[in-house]
Amino acid sequence: QVQLVESGGGLVQPGGSLRLSCVVSGSFFSIKNMGWYRQPPGKQRELVAIITNEANINYADSVKGRFTISRDNTKPTVWLQMNSLKPEDTAVYYCNAAIQISIRTMTYNYWGQGTQVTVSS
């Protein structure tokens, strides 16, 4: 069974940095897009960054120049390096991966359990 396990969240002061990691475990045929989403308190889940299996990247405007997404297909792992953090970055961050379990199946979205990031002095 495929699982996405996140780590790296926590409490950080404004201007600080955190690095989130998400490891994919289990058996699968291929991983397409991988990405990070976040859900601020009282708000809907939103896209933060996404990286394709060809390393094409898109960021939300609110994080451009501060966050960097990367992946290692051999691990397989996706990271989110977050610098110059602001209080408005406070949210639960979720890892997402589009995974094809076998050559005979469709590609489905899988989610991690979420990791809390709190930016506060």
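Just above, that's the structure.
Throughout this document, residue positions are counted from 1 along each chain, in the order its sequence is written. For this predicted model, a pLDDT threshold of at least 70 governs which residues receive local features, and a threshold of 80 or more governs which side-chain atom pairs are given and counted, while totals over whole chains, interfaces and linings are taken from all residues. By convention in this description, side-chain values take in all heavy atoms of the structure and omit both hydrogens and water.

(A) Spatial organisation of the overall build of the protein. Secondary structure follows DSSP: runs of H or I at least 4 residues long count as helices, runs of E at least 2 residues long count as strands, and numbering of each begins at the N terminus. Of regular secondary structure, the protein possesses zero helices and eleven strands. Seen in sequence order, the protein has helices and strands lined up from the N terminus as β-β-β-β-β-β-β-β-β-β-β. Here the C-alpha radius of gyration of the protein, 14 Å, is about what a compact globule of 121 residues would show, namely 14 Å. Along the first, second and third principal axes, the C-alpha set of the protein runs to 50 × 25 × 25 Å. Under the scheme applied here, a residue whose accessible area is under 20% of the maximum for its type counts as buried, over 50% as exposed, and between as partly exposed, the area being computed with a 1.4 Å probe on protein chains only. When burial is assessed residue by residue, the protein has 42% of its 121 residues classed as buried. Once local pairs closer than 6 in sequence are excluded, the contacts in the protein between residues at least 24 apart make up 55%. Here, Shrake-Rupley sampling with a 1.4 Å probe gives the accessible areas, and only protein chains in the shown set may cover a residue. Summing over all exposed atoms, the protein offers an accessible surface of approximately 6,600 Å²; the carbon and sulfur share of this is 48%. In this treatment the radius of gyration is a C-alpha quantity, and the globule benchmark scales as 2.2 Å times the residue count to the 0.38 power. Between two residues, a contact is recorded if the distance between any of their heavy atoms is within 4.5 Å.

(B) Just the state of the cysteines, in detail. The term disulfide is used for any two cysteine sulfur atoms that are within 2.5 Å. Inspection of the entire model under this criterion finds one disulfide. Residue C22 pairs covalently with C95 via a disulfide, S to S 2.1 Å. Here C22 and C95 share a disulfide; its torsion about the S-S bond, -80°, makes the bridge left-handed. Residue C22 is found in strand β3 (residues 18-25), and its partner C95 is found in strand β9 (residues 91-100); the two are separated by 73 residues along the sequence. Residue classification places C22 among the buried positions, given a relative accessible area of 0%. Accessibility expressed as a relative area gives 0% for C95, which makes it buried.

(C) Fine view of the sheet that holds strand β7 (residues 67-72). Paired strands, in this sense, are two strands between which DSSP finds at least two bridges. Spatially, β1-β3-β8-β7 is the arrangement adopted by the four strands of the open sheet, whose pairing is antiparallel. If you trace the sheet from one side to the other, it starts and ends with β1 (3-7) and β7, each paired once. For this sheet the average axis-to-axis angle between neighbouring strands, irrespective of direction, equals 15°. Relative to strand β8 (residues 77-82), β3 runs antiparallel, the two sharing six bridges. Paired with L18 across the strands is M82, a residue of β8. To define axes, lines are fitted to C-alpha atoms, for helices over the stretch in contact only, and angles between the resulting N-to-C directions are given on a 0 to 180 degree scale.

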